[in-house]
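What the coordinates show
Single-letter residue listing:
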Amino acid sequence: MFSNHKHAKAYISLGSNLGDRGGNLLLAVRGMMEAALCVTRLSSIYETEPIGEVEQTPFLNMVAEVGKPLPPAEQMMARLLRIEWLLGRTRDVKDGPRTIDLDLLFYADVINHTEFLTLPHPRMHKRRFVLEPLVEIAPHAVHPTLKVTAKELLESLNDQSAVKRWCP
């Protein structure tokens, strides 16, 4: 199951819409580096309209690329959950406001369906706020189950929610 491909990479979506949104994203990136994740690329930051039923303020979103050495996928997810906890993430309302949200999108070409971790992320291919920043840094990353590139996913997307580069 663990991909030993020489160029294996993982992609993580970051989002925040509570407090200092930009600061929360930067603290999460720092948290990933402190958790021994080798952050190799970062997208621009995008301001995005919330999707779903919960009334809330706009998000800031970005995507980080993590390269070798990659810890096992479950261990990486555990580190991301710890970073969320350290930055004050609570899960009171499903899809509600949050200080930080870290989602493991792809982990090399691993396909995983456990109670703890589903790879690739089950909704990423339907979300403009994930695909826009992903395409910025990895347009040719191939979705492990759909077998199309991130760029192709974005081009065929139905989600018309507003996603624009953030200019603070």
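A few words now on the nonpolar core. Counting residues in hydrophobic clusters, the biggest one holds 29 residues, and the most contacted among them are Ile12, Leu14, Met32, Met76, Leu80, Leu104 and Tyr107. Of all elements in the fold, only strand E1 (10–16), helix H1 (21–34), strand E4 (59–67), helix H2 (73–86) and strand E5 (101–107) reach the threshold of two or more residues within this core. Of all the elements, H2 adds the most residues to this core, at five residues. If near-sequence neighbours (up to four positions away) are discounted, Met76 is found in contact with Ala10, Ile12, Leu37, Val66, Leu70, Pro71, Leu104 and Tyr107. Tyr11, Leu105, Val130 and Leu153 belong to the second largest nonpolar core, which has 19 residues in total.

A word on H1. Residues lying three or four places apart along an α-helix face the same way, a consequence of the helix completing one turn every 3.6 residues. For H1, spanning 14 residues, the distance from its first C-alpha to its last is 20 Å, which sits close to the expected 20 Å at 1.5 Å a residue. For H1, every residue scored as buried is listed here: Arg21, Gly22, Gly23, Asn24, Leu25, Ala28, Val29, Gly31 and Met32. Tucked into the core, H1 has its buried residues touching E1, strand E2 (38–42), strand E3 (46–48), E4, H2 and E5. Trailing H1 by a residue or two, Ala36 shows a phi angle of about 65°, which is positive.

Cut-offs and rules
Residues numbered from 1 in each chain as written. Predicted model: local features only at pLDDT ≥ 70, side-chain atom pairs only at ≥ 80, totals over all residues. Heavy atoms only, no water. Core = buried A, V, L, I, M, F, W, Y, C linked by side-chain atoms within 4.5 Å. Buried < 20%, exposed > 50% of the residue type's maximum accessible area, 1.4 Å probe, protein only. Helix = DSSP H or I, 4+ residues; strand = E, 2+ residues; numbered from the N terminus. Contact = heavy atoms within 4.5 Å. Expected span 1.5 Å × (residues − 1).

Geometric values such as these leave the question of function open.
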